[in-house]
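The chain contents come next:
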Amino acid sequence: MSAAERLAEARALLAEAPVVDGHNDLPWALRHRCGYDLDALDISGDCSAALHTDLARLRAGGVGAQFWSVYVPGTLAGDHAVSATLEQIDAVDRLVERYPADLVAARTADDMEKARAEGRIASLKGAEGGHSIDNSLATLRALHALGVRYMTLTHNQNNDWADSATDEPRHGGLTAFGRAVVREMNRAGMLVDLSHVAATTMRDALDTTAAPVVFSHSSARAVCDHPRNVPDDVLERLPANGGVAMATFVPKFILPAAVEWTARADDNLRAHGFHHLDTGDAAMALHRAFEADHPRPVATAATVADHLDHMREAAGVDHIGIGGDYDGTAFTPAGLDDVSGYPNLIAELLDRGWSRADLTKLTWSNAVRVLRDAEAVARDLTARTPASHATIAQLDGA
């Protein structure tokens, strides 16, 4: 079969079993680039000069459901983190209201299936970083009421109750309050997202949770030894837990040669007064100048497929998915340049002998099932367990 025929087969598969993507940072990109002015940056048009994401490219990529990240930086704290998260939630709601022919709000697995039947993109929300709740279980429940269906326990920094993968260990995993957060997420029906967290936090969360977990955008540490990736012993626990690990496309997490290059490029940004996650025009111009003198190692769809092959072997095909992290990374793999690229990944996996049934699980069924299972756990817990009003002071001390 020719490459063109394989790509056509991939697109046909995605027409029936579209991609559920675990993580897209479009809301933060809109905040950064246009202050949420949806007239100034209209995703119904061609936004390829500014963004990885617009409606036409989502359609071309075969995306059927998107967890929009309502991320705020870990450097924000307290009320500032909560209010910024609420602004992110509002941005997603306004996107859905503005483009009803393409996007529809989804809060349940049934909503996702209904959106697929209607030919619209199910739009869910995921909060990236437990600092977003300001150590308040009531705030956690309020975010769930506003449609947030997963929370990543940390972002790049530790918070008061959980260790991050990219910070110096502070708690040794989860504190007592951190475990209470996991239990209350189970009770609410909010998925526990273990991307960004330390391996100790992953293991503590798996020891605590009554519901399946997700990794919304993480790949395999055995393939690329980066702390943002998932160790094999954790992947091997997913069948018993029922969770799903969604492979990310970020080159510095998936391509070993890109790890060192990115560290040097990030140092160059910081030396010129930019945050290392800045993807604005000035920061990207500085990146391009650095790249001209220091050629960047380029990941490809095959690089991501290497991770998925390993994750399938370690966790099983029922426990893997896709979380691209578009509009949250400066660089993307060749062939996966933006949200239109998913067919190239599926074509690569078809070429490696993945069956249509396995690919349907990867793109659609696993993610829908994990949310449905979390909903079932929540119904059981809500029927027999009152809402917790525990505080961090009570459980962890002053």
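Residues numbered from 1 in each chain as written. Predicted model: local features only at pLDDT ≥ 70, side-chain atom pairs only at ≥ 80, totals over all residues. Heavy atoms only, no water.

J.: Looking at this structure, how should I read the pairing of strand S4 (residues 121-128)?
T.: Strand residues, when the strand is regular, have side chains that alternate between the two faces of the sheet. Most of S4 is tucked away: eight of the eight residues are buried. In S4, alternate side chains face the same way, and those of Ile 121, Ser 123, Lys 125 and Ala 127 on one face and Ala 122, Leu 124, Gly 126 and Glu 128 on the other are all buried. The sheet contact formed by strand S2 (residues 63-69) and S4 spans five bridges and is parallel. Of the residues in S4, the one forming a bridge with Phe 67 is Leu 124. Relative to S4, strand S3 (residues 103-105) runs parallel, the two being bridged by three bridges. Across the sheet, Leu 103 pairs through a bridge with Ile 121, a residue of S4. For the segment spanning S3, helix H5 (residues 109-118) and S4, crossover handedness is right-handed. Strand direction decides the pairing type here: S4 and strand S5 (residues 148-152), joined by four bridges, are parallel. Among the inter-strand pairings, Ala 127 is bridged to a residue of S5, identified as Met 151. (Buried < 20%, exposed > 50% of the residue type's maximum accessible area, 1.4 Å probe, protein only. Helix = DSSP H or I, 4+ residues; strand = E, 2+ residues; numbered from the N terminus. Pairing = 2+ DSSP bridges. Right-handed = clockwise from strand over helix to strand, strands pointing away.)

J.: What am I meant to see in the nonpolar core here?
T.: Most often, soluble globular proteins keep nonpolar side chains buried together rather than apart. Counting 112 residues, the largest nonpolar core has Met 112, Met 151, Leu 153, Trp 161 and Leu 194 as its most contacted members. With eight residues, the single largest contributor to this core is helix H16 (residues 356-384). Apart from residues lying up to four places away in sequence, Leu 194 is in contact with Leu 153, Met 202, Ala 205, Leu 206, Val 213, Val 214 and Phe 215. Within the second largest apolar cluster, five residues are counted, among which are Trp 261, Met 284, Phe 290 and Phe 331. (Core = buried A, V, L, I, M, F, W, Y, C linked by side-chain atoms within 4.5 Å. Contact = heavy atoms within 4.5 Å.)

J.: Mind showing me how you'd approach the packing of helix H1 (residues 3-16) against helix H15 (residues 342-351) here?
T.: The angle between the axes and the distance between the axes are what describe a pair of packed helices. With their axes 8 Å apart at the nearest point, H1 and H15 run at an angle of 110 degrees to one another. The angle between H1 and H15 places the two elements in the roughly perpendicular class. The way H1 lies across H15 gives a crossing that is right-handed. Contacts between H1 and H15 involve Arg 6, Leu 7, Glu 9, Ala 10, Arg 11, Leu 13 and Leu 14 from the former and Tyr 342, Pro 343, Asn 344, Ile 346, Ala 347, Leu 350 and Asp 351 from the latter. Looking at the contact of H1 with H15 residue by residue, the class counts come to nine nonpolar, one polar and four charged. (Axes fitted to C-alpha atoms, helices over the stretch in contact; angles between N-to-C directions. Parallel < 35°, antiparallel > 145°, perpendicular 65-115°, else oblique. Left-handed = near helix turned anticlockwise from the far one by under 90°. Nonpolar A, V, L, I, M, F, W, Y, C, P; charged D, E, K, R; others polar.)

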